[in-house]
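Residues per chain, in single letters:
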Amino acid sequence: MEPMTPISCPTTPRWNQDRPFLTGRFHQETRASSRFDDSKRFTPDSSSNSGVDQAIGCYDTPVQELIVIDDLLSAMVGIEGRYISIKRFHGKEESIAFQVDPSMDLALQELAKRIFPLCECFLLIDQFVESSSQFKNGLVNHAFAAALRALLLDYQAMVAQLEHQFRLGRLSLQGLWFYCQPMMGSMRALAAVIHQASAKNFVGSAVLNLLQSQAKAMAGDNSVRSLLEKMTECASNAYLSILERWVYEGIIDDPYGEFFIAENRSLKKESLSQDSTAKYWSQRYSLKETIPGFLANIAATILTTGKYLNVMRECGHNVQVPISERSKLTIFGSNHHYLECIKAAHEFASKELVSLIKDKYDLIGRLRSIKHYLLLDQGDFLVHFMDIARDELNKKVHGISVEKLQSLLDLALRTTAAAADPRHEDLTCCVDRASLLTTLGMHKDSDSNSIEDLVSITGLETFSLSYKVQWPLSIVISKKALSKYQLIFRFLFHCKHVERQLCGAWQIHQGIRSMNSNGTAIRRSSLLCRSMLKFISSLLHYLTFEVLEPNWHVMHDRLQSTKSVDEVIQHHDFFLDKCLRGCLLLLPDVLKKMEKLKSVCLQYAAATQWLISSSIDINSQPHSQKTMIRDATVTESIFNFEREFNSELQSLGPVLSKGSQAEPYLTHLSQWILGVSKE
């Protein structure tokens, strides 16, 4: 797939980085002029210096406790105290640690160190809130940061209440530890999520999956699990807003490239009539690797829902899910209401698009028209065309004028029953540059028995019809699908050509029936011509009534009950693949035998005029050595054609019998062919 267009984000204002005091990062900045310099902070003789606090160990334990509580309340909101400092470590992963004056009472140190993890978690969360609020981090991180900011406000309110109790003289260090414990688990869980998200630069779906997995991991702690589920719900709101526009309107409103559906803008709907791989439908919109866990099972449904709505918008039909049927998509615990909303939107989009292409754009009628022309369902125009274009089609490929063929085709369409079909104007002709076997990749240059060595390639082997298909029907009848129709047409067209040539040879034989030809070469030639004609007629009968017609009716019936365009495409592609296989175009051994037999038939038909006229001349002249030699030559030629045709026909039987084990439908063709061979 071609790379997606890179996402451009607004830049964060420079003052937000140059002036840390406006962002709250001041507590992490190294201040060279700080009065808490490590070289002076906790030295015993620092009390002799004016303006510098004494070591805390100089105070009695009750006084130390009051000082420690005051410093801890500051540390809990990320501010250094007089005897508690913030140390930042630089390395592969930057970390923050709190340190205390080593002269502090050991019991007070232990209690203070129990509260330090909460202070460190606050700093980590606060830093994440600020960094994630930058544009480049995407809407999910913005929403997550907003939820964390609200949580930190509650946390700071708790610290303010504790400070109020402290000012009233009602808070001890043990009491502070008691009040901090309920928040400890939640803050640690959030800090763990934030640490992992920051280290791996998670955005969008990855953040949601991380929150969801952490919430499941905390199944034993209801309060922490509930908090993480709440964070997941808040962070997913922005993501679900993108999802809502996609499933309700078919629009990707994803400014930061977080959505799990990627849009390849380089692929246009016009490419469906030119691209033989039909990439537009499968690659214009595609799923990314990272999908939110709560949407993983329904991701394919979400993708097709928006695609259907997008197709209708491309058609000029601004179809959206009615406002009355829209519901706000939210995830809350085990509530799966959002899944029902998505399924309802999918059913609406599927129904509307199928109705559009079936009713307004008449898909069935268009497919029936293609069947008339490319599958030779109505062959009167083709007979007339082959008559008037015979000379042009007999030319070598490089000498054919496609423009002349097109004008002759238009004439044939206007002067036959096809003129009543308004869609006949969408029919165009084209000439390939290679034989059918070469196009299918079955002909090797080193093949000494190549059909192309026996019959020069002309327009009769390379002529084909094409069909103009407009959007949105080109989704179903794409260039790839049309190329399959054309392969079938070329095989049928050449079979028709062989049949016409043999019919001409048969008419020559019928023209001399009044002559007494018993026991002569003419009689033998007549029997051979009849065998060849029955062979090609049986082949055409099999292709038409055993392959094309039954499969067409199966597809037609299935299309009547389809509920989505993907089902329509699936049924149509299945029909074409069945027809390709049934018409022997995917069976190299069988197809090569058929082409060889047709080549023998064409050579015989081309030689018939000479054979018959020579036989007549021989019968009308007195017997002489010269006429005997000529008679022997004519008889030998007919024997050679008969021997080669019968040999190829007999060798075809085992090939069909072998292939029928994997392809049961070949049994029907084998019965027809073997029936001919026994004549």
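Everything quoted here is computed from the prediction, not taken from an experiment.

**Comments concerning the pattern of salt bridges**
Side chains that differ in sign of charge can pair as their charged atoms come close.
Here is step 1 of the chain: Overall, the coordinates contain 21 salt bridges when judged by the stated rule.
Here is step 2 of the chain: Glu-229 is paired through a salt bridge with Arg-225; the nearest N and O atoms lie 3.6 Å apart. With Glu-229 and Arg-225 both in helix α7 (residues 222-249) and 4 residues apart, this pair spans about one turn of that helix.
Here is step 3 of the chain: When its relative accessible area of 34% is taken as the criterion, Glu-229 is described as partly exposed.
Here is step 4 of the chain: Within the structure, one salt-bridge network assembled from shared partners comprises Asp-70, Glu-163 and Arg-167.

**What about the packing of helix α5 (residues 173-199) against α7?**
Here is step 1 of the chain: At their nearest, the axes of α5 and α7 sit 9 Å apart, and the two run at 45° to each other. With respect to each other, α5 and α7 are oriented oblique. Judged by the sense of rotation from one axis to the other, the crossing of α5 with α7 is right-handed. Residue-level inspection shows Gly-185, Ser-186, Ala-189, Leu-190 and Val-193 of α5 in contact with α7, the latter providing Val-224, Leu-227, Leu-228 and Met-231.
Here is step 2 of the chain: Grouping the amino acids of the contact of α5 with α7 by side-chain chemistry returns 7 nonpolar, 2 polar and no charged.

**Thoughts on α5**
Structurally, the α-helix is built with 3.6 residues per turn, so residues lying three or four positions apart point the same way.
Here is step 1 of the chain: At Gln-181, α5 shows its maximal kink, close to 45°; a proline, Pro-182, follows between one and four residues later.
Here is step 2 of the chain: Looking one or two places after α5, you find Asn-201, whose phi comes out positive at around 55°.

**Side note on the side chain of Glu-258**
Here is step 1 of the chain: Looking at the element boundaries, Glu-258 is found in the loop between α7 and β3 (261-263).
Here is step 2 of the chain: When sequence neighbours within four positions are dropped, the list of residues in contact with Glu-258 reads Asn-137, Gly-138, Leu-139, Val-140, Asn-141, Gly-204, Ser-205, Tyr-239 and Lys-288.

**Overview of helix α12 (residues 380-388)**
Here is step 1 of the chain: Among the residues of α12, those classed as buried are Phe-381, Leu-382, Phe-385 and Met-386. End-on, the buried residues of α12 take up no more than an arc of 130°, which puts them together on one face.
Here is step 2 of the chain: Buried-residue contacts for α12 involve α11 (363-374), α13 (390-393), α14 (402-414), β5 (427-431), β6 (463-467) and α18 (479-511).

**Points about unusual backbone geometry**
For residues that are not glycine, phi is negative in most cases, and the peptide bond is trans in most cases.
Here is step 1 of the chain: Pro-472 follows Trp-471 through a cis peptide bond whose omega is 5°.
Here is step 2 of the chain: Relative to the helices and strands, Pro-472 is located in the loop between β6 and α18.
Here is step 3 of the chain: For Leu-376, which is not glycine, the phi torsion reads 55° and is therefore positive.
Here is step 4 of the chain: For Leu-376, the location among the structural elements is in the loop between α11 and α12.

**Quick notes on the environment of Ala-206**
Here is step 1 of the chain: Looking at the secondary structure, you find Ala-206 in helix α6 (residues 205-217).
Here is step 2 of the chain: For Ala-206, a relative accessible area of 18% translates into the label buried.
Here is step 3 of the chain: Here the alpha-carbon distance between Ala-206 and Glu-258, two residues 52 residues apart in the chain, equals 9.2 Å.

**Some thoughts on the packing of aromatic side chains**
Here is step 1 of the chain: This model, assessed by the stated rule, comprises 17 aromatic pairs.
Here is step 2 of the chain: Pairing Phe-122 with Tyr-155 gives two aromatic rings, centres 5.3 Å apart and planes at 20°, and the pair type is stacked. You can see Phe-122 sitting in helix α3 (residues 106-132) and its partner Tyr-155 sitting in helix α4 (residues 138-167), a full 33 residues away along the chain. There is no split in this pair, since Phe-122 and Tyr-155 are both buried.
Here is step 3 of the chain: Both rings, one in Tyr-604 and one in Phe-641, keep their centres 5.7 Å apart while their planes meet at 75°; by these two values the pair is edge-to-face. Separated by 37 residues along the polypeptide, Tyr-604 in helix α21 (residues 588-620) and Phe-641 in helix α22 (residues 625-659) bring together distant segments of the chain. Each member of the pair, Tyr-604 as well as Phe-641, carries the same accessibility label: buried.
Here is step 4 of the chain: Taken together, the aromatic side chains of Phe-385, Phe-463, Phe-489 and Phe-493 make up a single cluster linked through ring pairs.

The rules behind the values
Residues numbered from 1 in each chain as written. Predicted model: local features only at pLDDT ≥ 70, side-chain atom pairs only at ≥ 80, totals over all residues. Heavy atoms only, no water. Salt bridge = Lys/Arg side-chain N within 4 Å of Asp/Glu carboxyl O. Helix = DSSP H or I, 4+ residues; strand = E, 2+ residues; numbered from the N terminus. Buried < 20%, exposed > 50% of the residue type's maximum accessible area, 1.4 Å probe, protein only. Axes fitted to C-alpha atoms, helices over the stretch in contact; angles between N-to-C directions. Parallel < 35°, antiparallel > 145°, perpendicular 65-115°, else oblique. Left-handed = near helix turned anticlockwise from the far one by under 90°. Contact = heavy atoms within 4.5 Å. Nonpolar A, V, L, I, M, F, W, Y, C, P; charged D, E, K, R; others polar. Bend = angle between axes of the 7 residues up to and from the residue. Arc of directions from axis to C-beta. Phe/Tyr/Trp six-rings, centres within 6.5 Å; stacked < 30°, edge-to-face > 60°.

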